[in-house]
Amino acid sequence: MKNVFATKWGIVLTGGIIGILAALLQLWGNPANMGICVACFVRDATGALGLHRAAVVQYLRPEILGFVLGAFVAAYLFKEFRPRAGSAPLVRFVLGFFSMIGALVFLGCPWRALLRLAGGDWNALLGLLGLAVGIWIGTIFLKKGFNLGPARKTYSAVGWIFPLIMAGLLVIMLLNPQVAGQDKNGVLFYSIEGPGSLHAPLIISLVVGLGIGFLAQRSRFCTMGATRDLILFKQPHLFFGLIGFTAAAFIMNLILKQFNPGFTGQPVAHTMHIWNFAGMVLAGLAFTLAGGCPGRQLFLSGEGDSDAAVFVIGMVAGAAFAHNFGLASSAAGATSGGITALIIGFVVCLLIGFTMREKMRA
Amino acid sequence: MNQLVDARGLSCPQPVIMTLNKIKEVKEGEIVVLVDTETARENVSRAANSKGWTVADIQPEEEGHRLTLKKEG
């Protein structure tokens with residue numbers, strides 16, 4: 001059966017729909033220029049579970065749960081559910097960890113970098129440039145034979161674990177809903193101020209997340225793969241999706257009067273250009289070595305790829321470290337701890353890139 | 001004798017890199033590529049087409065797909 005979403009117009013449409021929904025999510029309550037940010041939302045979810053205690057970024061974002069569950073449903077419906085495991089999971093954990101550190105020094109994943117640009121935050125240009133450089137470094141390793149090795153087919157139950165964890169978190173959220181003015185209900189923390197307090201209604205976030213998860217699984221939408229394939233193969237397919245995403249978000253922002261151009265005073269952003277750039281170089285490199293942007297890792301987790309799920313858990317650990325030890329940037333800028341963590345991250349990712357090469361198999 | 005690329009278990013971009021390397025090596029004729037995800041099948045087909053190869057045949061296998069790529073001399 002022909003997969004219409006895997007065509008050129010399919011991927012443009014998918015990107016466009018996600019861009020429109022991202023802008024709308026901001027209208028419906030999500031933070032400015034953060035309709036969707038996979039890194040930030042994983043970080044918020046980490047905080048909601050109390051794994052970090054930064055009170056301003058604690059909310060179990062239903063979009064994240066929806067991404068995984070939507071991809072899970074799509075994969076099952078179209079017989080693409082492929083339980084697999086065993087492609088260097090610990091390495092993927094470490095890459096997930098440092099991708100999160102890089103993203104939180106910049107304050108956004110590639111999705112949010114594009115949304116920040118579409119909202120007029122010119123600091124995003126530094127982040128996107130850094131992202132491209134990080135991906136470019138990653139492609140050099142790929143050309144030199146970098147490879148985390150094959151995954152193996154495994155029990156269906158293995159592929160079910162991560163979607164079930166997401167379903168479990170959703171149940172926990174429904175049993176412990178937010179109570180106005182209260183920073184905790186049962187086991188879940190809820191921000192009462194800051195970005196974590198800004199969110200669309202639960203049901204809207206969940207439905208949008210499910211829809212995006214479904215579409216992205218069908219279309220293979222990936223913000224890292226877009227640039228990687230362009231550099232590595234001169235293959236623009238995924239890049240069309242990225243253009244659709246950014247253009248749609250930009251147009252929607254103009255319509256909704258959410259476009260505010262400038263460098264200073266941008267929401268949940270700082271103006272330290274060098275660290276905006278360097279943070280995303282690290283994130284881009286880590287995504288490339290791991291084979292997907294954070295969104296794509298969630299969608300892969302939904303279709304049974306348990307190595308991608310380990311990457312996501314690495315991101316959770318990265319977020320917990322970032323906020324427990326003051327590594328994440330704030331509107332005031334990057335922190336000295338964050339800069340140290342970036343340097344460590346570069347060393348680790350380069351070591352991974354240099355040491356995990358095999359002779360080209362044919 | 002067919003040229004074989006076994007990319008099963010590998011996630012993209014590896015199957016595409018391996019296929020393109022093989023295309024560079026053999027230049028024309030027939031290449032069989034084994035993949036185990038739909039994403040890899042789509043990506044390998046797209047890459048082959050962009051290099052002027054046609055996907056002559058796709059056979060479902062127990063674990064994935066067997067793609068036959070062709071380019072006339």
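Residues numbered from 1 in each chain as written. Chains lettered and ligands numbered in written order. Predicted model: local features only at pLDDT ≥ 70, side-chain atom pairs only at ≥ 80, totals over all residues.

Looking only at helices and strands, chain B has two helices and four strands in total. Reading chain B from its N end, one meets helices and strands in the order β-α-β-α-β-β. The C-alpha radius of gyration of chain B comes to 11 Å, within 12% of the 11 Å expected for a compact globule of 73 residues. Its C-alpha atoms give chain B principal-axis dimensions of roughly 30 × 20 × 20 Å. Here chain B holds 73 residues, and 47% of them are scored as buried. Sequence separation of 24 or more characterises 60% of the internal contacts of chain B that already satisfy a separation of 6 or more. (Helix = DSSP H or I, 4+ residues; strand = E, 2+ residues; numbered from the N terminus. Rg over C-alpha atoms; globule rule 2.2 N^0.38 Å. Buried ≥ 20, exposed ≤ 12 C-beta atoms within 10 Å, placed from the backbone. Contact = placed C-beta atoms within 7 Å.)

Before going further, it helps to spend a moment on the overall build of chain A. Within chain A, the regular secondary structure consists of 14 helices and four strands. Whereas a compact globule of 362 residues would reach a radius of gyration of roughly 21 Å, chain A reaches 19 Å, a difference of no more than 12%. Here the C-alpha coordinates of chain A stretch approximately 60 × 45 × 40 Å along the principal axes. Scored against the burial criterion, the 362 residues of chain A give a buried share of 60%. Intrachain contacts of chain A at a sequence separation of at least 6 include 82% that bridge at least 24 residues.

Attention now goes to the interface of chain A and chain B. On the chain B side, the residues contacting the 21 residues of chain A number 23 residues. If you list the elements that add at least two residues to the side of chain A that touches chain B, you get β2 (152-153) and α9 (223-233) of chain A. No other element matches α9 of chain A, which puts four residues into the side of chain A that touches chain B. Class assignment of the residues belonging to the side of chain A that touches chain B gives a composition of eight nonpolar, five polar and eight charged. (Nonpolar A, V, L, I, M, F, W, Y, C, P; charged D, E, K, R; others polar.)

What follows covers the environment of I17 of chain A. All names here are of chain A. With respect to the helices and strands, I17 occurs in helix α1 (residues 8-27). You can call I17 partly exposed: it has 19 C-beta atoms within 10 Å. Between the C-alpha atom of I17 and that of G211, which follows or precedes it by 194 residues, the distance is 9.7 Å.

So, about the environment of A180 of chain A. Among the structural elements, A180 of chain A can be located in the loop between α7 (156-175) and β3 (184-185). Judged by C-beta crowding, with 6 C-beta atoms within 10 Å, A180 of chain A ranks as exposed.

Turning next to the confidence of the model for chain B. All names here are of chain B. For chain B, the mean per-residue pLDDT works out to 92, and 99% of the residues sit at or above 70. Per-element mean pLDDT across chain B ranges from 93 in strand β3 (residues 54-61) up to 95 in strand β2 (residues 29-35). For this predicted complex, the interface score ipTM comes out at 0.92, alongside a pTM of 0.96. (pLDDT = per-residue confidence, 0-100.)

Once that is clear, we can look at the nonpolar core. In terms of nonpolar packing, the biggest core is built from 141 residues, with A39, V42, I101, L104, L282 and A286 of chain A touching the most fellow members. Leaving out residues up to four positions away in the same chain, A39 of chain A has contacts with M100, A103, L104, G108, C109, P294 and M315 of chain A. (Core = buried A, V, L, I, M, F, W, Y, C linked by C-beta atoms within 7 Å.)

In this section: the sheet that holds β2 of chain B. Residue and element names in this part refer to chain B. With respect to topology, four strands assemble into an open sheet ordered β1-β2-β4-β3, the strand pairing being mixed. Of all strands in the sheet, those with a lone pairing partner are β1 (3-6) and β3, marking the two edges. Direction aside, neighbouring strands of the sheet carry axes that sit 20° apart on average. Along the sheet, helix α1 (residues 14-26) contacts β1 and β2; its crossing angle with β2, the most-contacted strand, is approximately 165°. Most of the contacts of helix α2 (residues 38-50) go to strand β4 (residues 64-71), to which it runs at about 5°, and overall it touches β2, β3 and β4. (Pairing = 2+ DSSP bridges. Axes fitted to C-alpha atoms, helices over the stretch in contact; angles between N-to-C directions.)

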